[in-house]
Structure formats: structure tokens, C-alpha cells
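Fold and contact review
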Amino acid sequence: MWIRAAALVLAAWIWGCGSAASGPEAAFDRLHLAMATRDARVLFDVLETESRWAVDTVWKYQRELAALLVKDFPAHISERELKRLKVAVDSASSREFFAAQNMLGDPLAELGHNAEGLGTRARVERDSPEAKKARVITTTGRVVPVACGPDGMWGYSGLHDDLLRWREATANDLSRFKQEADLFSRGK
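A short tour of the structure in this document, coming up. Please read these numbers as outputs of a predicted model, since none were measured by experiment.

Membership of the largest hydrophobic core comes to 31 residues, with the highest contact counts inside it found for Leu-31, Leu-43, Phe-98 and Tyr-156. In terms of residue count, helix H2 (residues 24–37) provides more of this core than any other element does, five residues in total. Not counting chain neighbours up to four residues away, the residues in contact with Phe-98 comprise Ala-40, Leu-43, Phe-44, Leu-47, Val-55, Pro-107 and Leu-159.

Structure, rendered in C-alpha cells:
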């Protein structure tokens, strides 16, 4: 019995991006439910995998940067920089961080503010049946990008590029501050 269950899990993992249960339609349906809640934390849950990972990384890097500032920098510098990191420090999870920050503006506004503004699924466009990206066209005329992540799950990908740029900028900040912390420690 367990062999059959393992085979089913493996099959789901291999064909996840092609299955109806985790396809573009299901991703949009989860997004529509998230929009009905009007809660950015729920929107975070329906992001495609790489977007969620990018938010996770930004949250972790900003918290690491805050700890570095407190430990290795003069008070006048750390106080100034900690103000911009307050949301990351105060957030208990990357999900909470995503909902509390405003770096990307209001992600719900981009989708029509709520489920009614988003509309319902009118049609799905894919370049090919095997494509890992799709566009859901809604009854309100919105074009909603969705993508299949490396875990085989489809999710909303409209913030993907912005989140990856934010992750890279945060990684650069952390690297720069680590170098500056090293200079401060040598000067002591």
C-alpha cells in the first residue's frame, strides 16, 4: 500500500505543472479566493514559489542586516538604517512581512482591490500545453500571469520580476554593509 502511495506522490511531483488540480486555472481560483479576503497575507500564499522564496530571502536578509547594524555600527548609522528595516524586524514571518511592507505599493490594487475587481476566469492562454507560464484573462479584462514553480505548483506570478529585483537589491545591501562592518571593526 505504501508503495502505491509513494508512486502517486512521485507522479504528482513529476507531472504537477500539467495537472488540472495544480494548473493555471487552479492558481487563478486560489488567487480569486485570496482577493475575496482582501488580505495581502493570503495573497502571499498564492504567489508562485520563486516569488515566495524571494520574499523569504528579503525578510531574512533584512533581519540579518538589522542584527549586523546593532552589533557592528556606530549608533548614529544604525539608528538611521534600522528605521527602514523596522518592518522586517517586527514581522514574525515572511508572510507577515509581505503584508506589512509597502515596497511594492499595494499588490491588491494591481488586481482590482478585491474579487469583484479581479473578475472571474474568462479564458486561459498558454503558448503550449507544456508551458510553465500562462495568462488568465478575466471577465473584467485583466490579464493575470500565473506560473508553475520548481515544486510543480502553479501560482500568481505578477510580482515575480519586482520581487527578484528586490531580493537582489537587498542582497547587495547586505554585502555592502558586511564590508563596511569589517572596516569599522578594523578601525576600532
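Past the structure itself, the notes keep going.
It is at 9 Å that the axes of helix H4 (residues 49–72) and helix H5 (residues 75–90) come closest, and there the two elements cross at 150°. Considering how the two elements wind past one another, H4 and H5 form a crossing that is left-handed. Of the residues in H5, those in contact with Trp-59, Gln-62, Arg-63, Leu-65, Ala-66, Leu-69 and Val-70 of H4 are Ser-78, Glu-81, Leu-82, Arg-84, Leu-85, Ala-88 and Val-89. Classifying every residue of the contact of H4 with H5 by side-chain character gives nine nonpolar, two polar and three charged.

Now for the pairing of strand E3 (residues 143–148). It is a general feature of regular strands that their side chains alternate between the two faces of the sheet. Bridging between strand E2 (residues 133–138) and E3 involves five bridges; their strand directions are antiparallel. Pairing of Ala-134 across the sheet is with Val-146, part of E3. The turn linking E2 back onto E3 is made up of four residues, and Gly-141 within it adopts a positive phi angle of 85°. As paired strands, E3 and strand E4 (residues 154–156) are joined by three bridges and run antiparallel to one another. Along E4, the bridge assignment pairs Ala-147 with Gly-155. Counting the residues between successive antiparallel strands, the hairpin from E3 to E4 contains five residues, one of them, Gly-152, with a positive phi of roughly 85°.

Calculation rules
- Residues numbered from 1 in each chain as written.
- Predicted model: local features only at pLDDT ≥ 70, side-chain atom pairs only at ≥ 80, totals over all residues.
- Heavy atoms only, no water.
- Core = buried A, V, L, I, M, F, W, Y, C linked by side-chain atoms within 4.5 Å.
- Buried < 20%, exposed > 50% of the residue type's maximum accessible area, 1.4 Å probe, protein only.
- Helix = DSSP H or I, 4+ residues; strand = E, 2+ residues; numbered from the N terminus.
- Contact = heavy atoms within 4.5 Å.
- Axes fitted to C-alpha atoms, helices over the stretch in contact; angles between N-to-C directions.
- Left-handed = near helix turned anticlockwise from the far one by under 90°.
- Nonpolar A, V, L, I, M, F, W, Y, C, P; charged D, E, K, R; others polar.
- Pairing = 2+ DSSP bridges.

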